[in-house]
Amino acid sequence: MTATSTLNITHALCGAISLFAFAYKLIDLRRDPENLALRGVCSARLCTALAYLCITPSCYVRIDRLLGIPNVAELLASAFIVLSALSSHLNMIGWFASPGDVRCKVIRACAAYGVALTTMLVLFFRTPLPGEHPVDFETHFAALDQAGPFVIVFLGTYGLNLANTARSAFPSSRTIGRPWLSSSLRLTALGSIFVIGYLCCKLIGVAGRWAGTDRLDMAAILWGPLLANLGTLVIVGGYTMPIWGRRTVAWYRHHRSFRRLYPMWFALYRATPDIALFRPRSARPPWFVRDVETRLYRLIIEIRDGQRSLRPHLDEIAAQLAQRVARQACLRRTEPEATMEACVLALGIRIKGRGVLVRTPGQYQMCRPDPSLAAELVWLEQVADAFSAIERQERLSTLLDRLAA
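Cut-offs and rules
- Residues numbered from 1 in each chain as written.
- Predicted model: local features only at pLDDT ≥ 70, side-chain atom pairs only at ≥ 80, totals over all residues.
- Heavy atoms only, no water.
- Helix = DSSP H or I, 4+ residues; strand = E, 2+ residues; numbered from the N terminus.
- Buried < 20%, exposed > 50% of the residue type's maximum accessible area, 1.4 Å probe, protein only.
- Contact = heavy atoms within 4.5 Å.
- Core = buried A, V, L, I, M, F, W, Y, C linked by side-chain atoms within 4.5 Å.
- 1 Å grid on protein atoms, 1.4 Å probe; cavity = no way out; pocket = protein on both sides within 12 Å on 5 of 7 lines; lining within 4 Å.
- Points joined across faces, edges and corners; volume = space filled by probe spheres on them.
- Disulfide = S-S within 2.5 Å.
- Axes fitted to C-alpha atoms, helices over the stretch in contact; angles between N-to-C directions.
- Parallel < 35°, antiparallel > 145°, perpendicular 65-115°, else oblique.
- Left-handed = near helix turned anticlockwise from the far one by under 90°.
- Nonpolar A, V, L, I, M, F, W, Y, C, P; charged D, E, K, R; others polar.
- Phe/Tyr/Trp six-rings, centres within 6.5 Å; stacked < 30°, edge-to-face > 60°.
- Lys NZ or Arg CZ within 6 Å of the ring centre and 35° of its normal.
- Salt bridge = Lys/Arg side-chain N within 4 Å of Asp/Glu carboxyl O.

Draft legend 1. View of the side chain of asparagine 71. Position of asparagine 71 among the secondary structure elements: in the loop between helix H3 (57–67) and helix H4 (72–96). We classify asparagine 71 as buried; its relative accessible area is 0%. In this structure, asparagine 71 is in contact with Tyr60, Asp64, Phe124, Leu129, Pro130, Gly131, Glu132, His133, Phe137 and Phe141, ignoring residues within four places of it in sequence.

Below, the structure is given as structure tokens:
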């Protein structure tokens, strides 16, 4: 695969991801339109997406032909990147500057980036740049009097912004007491360092051309853009992490808990089918669960309903026998109380399956943890793990079958 085809794919992908991140953060901006940091984030992601659109080789050629100016797509991409750098700078100001200094710092930042952008425009149009070079623009025109300074002004402006972002974000991540925001800042700093690697690769290729060799062109043509792509993905992940990170971790925890509880729930369901609001399709826990939080909540309720349905079939004597079996089981990685509870459940299911009713039903009370939902879930997970371990051991299953008989 050539450098052109590789960059067609990677640049288009990064542009699409940046556009998605813009839409993702725009929802927050609509709720808080006066937030300078959010404005900076949204503007930076939009400008980055437009820059990737211009710099994608296939789009680069079409833009040049549409506007009739060779390599104007490079100018547009560079301008969008400078505007993205300005937006990131405003984001840092919104995060870290005191309210009294915000206005002054915003004016100075806009003035500095405006000067850099004006200088780039003047340098670009003062020298004719014939031919279309979507991949090797910097190295091909490095020796020209005006094009070389254009590249240096662009890379220097962008590099200073990235250094400022990394310098501001990483130290602050150590002092902020909010874990998700702290991780977001660390990723933003790391992504900025990757993009600084892109600038270094570009400078290596330009320096090689100034030295009269093209052996270093590959650093600027391929490795630099790939580092920029990687840095962009990391930065996008950092800016959006406080939202999707919490949701992803919460979904993963709920999904894992659902799969841990499912085998015990299914055994109770087979003993008492009426407890289930959602009928299972298989004895194995499903990998895809729609609205897993609601399903997990229902699972907890139905497990408790299933436990209550076993009371007419359990008395203190049966429970004591099951607990004696649990003490002899010596299951690894399970709490003794949870193992006893699991043995009582397994015995109760077997007794109910035989239709046996005790003379004094309801005397045995199932163990209950603290009343909070979180404590309930932790307790039931321990019981479910022990229940699955008991069912897997043939000796224990046989022993419980004999007690039920």
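So much for the structure itself; the text now carries on.
Draft legend 2. Here's a closer look at the nonpolar core. Counting 46 residues, the largest nonpolar core has Phe137, Phe150, Phe154, Tyr158 and Tyr198 as its most contacted members. For this core, the secondary-structure elements that each account for two or more residues are helix H2 (36–55), H3, H4, helix H5 (102–126), helix H7 (147–175), helix H8 (179–210) and helix H9 (217–271). Broken down by element, this core gets its largest block of residues, 12 residues, from H4. With near-sequence residues (within four places) excluded, tyrosine 158 lies in contact with Ile81, Ala85, Val195, Tyr198 and Leu199. By size, the runner-up hydrophobic cluster in this structure holds 32 residues, among which are Met264, Leu268, Ile349 and Ala384.

Draft legend 3. Structural context of the layout of surface pockets. Roughly 370 Å³ of volume is contained in the largest pocket. Arg279, Arg281, Pro286, Phe288 and Arg295 are the residues nearest the centre of the largest pocket, which is lined by 13 residues in total.

Draft legend 4. Representation of the state of the cysteines within the structure. Per the stated rule, a full pass over the model turns up 0 disulfides. Cysteine cysteine 54 is unpaired, with the sulfur of cysteine 59 as its nearest cysteine sulfur at 8.2 Å.

Draft legend 5. Molecular detail of the packing of H2 against H4. As a packed pair, H2 and H4 sit with axes 7 Å apart at the nearest point and diverge in direction by 165 degrees. In terms of orientation, H2 lies roughly antiparallel with respect to H4. Pair H2 / H4 crosses with left-handed handedness. Looking at the contact of H2 with H4 residue by residue, the class counts come to 18 nonpolar, 8 polar and 1 charged.

Draft legend 6. Seen up close, the packing of aromatic side chains. Using the criterion set out here, one finds 11 aromatic pairs in the structure. Taking the centre distance of 6.1 Å and the plane angle of 80 degrees together, the rings of phenylalanine 137 and phenylalanine 150 count as edge-to-face. Of this pair, phenylalanine 137 sits in helix H6 (residues 137–140) while phenylalanine 150 is found in helix H7, placing the two residues 13 residues apart along the sequence. Members of the aromatic cluster, each reached through a chain of ring pairs, are Phe124, Phe125, Phe137, Phe141 and Phe150. The cationic tip of arginine 259 hangs over the ring face of tryptophan 287; the distance from NZ or CZ to the ring centre is 3.6 Å.

Draft legend 7. View of the environment of tyrosine 60. Locating tyrosine 60 in the fold gives a position in helix H3. Sequence separation between tyrosine 60 and glutamate 132 is 72 residues, and the spatial gap between their C-alpha atoms is 8.5 Å.

Draft legend 8. Highlighting the packing of H9 against helix H10 (residues 292–309). Two numbers describe how H9 lies on H10: the axes approach to 9 Å, and their chain directions differ by 30 degrees. With respect to H10, the element H9 is oriented roughly parallel. The two elements H9 and H10 meet at a crossing, and its hand is left-handed. Contacts between H9 and H10 involve Trp251, His254, His255, Ser257, Phe258, Leu261, Tyr262, Met264, Trp265 and Leu268 on the former and, on the latter, Val292, Glu293, Arg295, Leu296, Leu299, Ile300, Glu302, Ile303, Gly306 and Gln307. Per-class residue counts for the contact of H9 with H10 are 12 nonpolar, 5 polar and 3 charged.

Draft legend 9. Region of interest: the pattern of salt bridges. Tallied over the full model, the rule gives 9 salt bridges. As a salt-bridge pair, arginine 298 and glutamate 302 come within 3.1 Å of each other at their nearest N and O atoms. Taken together, the positions of arginine 298 and glutamate 302, both in helix H10 and 4 residues apart, correspond to about one turn of that helix. Taking the relative accessible area as the measure of exposure, arginine 298 reaches 23% and is therefore partly exposed. According to the relative accessible area criterion, glutamate 302 is buried, its value standing at 2%. With a shortest N-O distance of 2.4 Å, arginine 308 and aspartate 305 are connected by a salt bridge. Note that arginine 308 and aspartate 305 are positioned in helix H10 at a spacing of 3 residues, about one turn of the helix. One salt-bridge network, in which partners are shared between bridges, spans Lys25, Asp28 and Arg31.

Distances and angles like these do not, on their own, reveal function.
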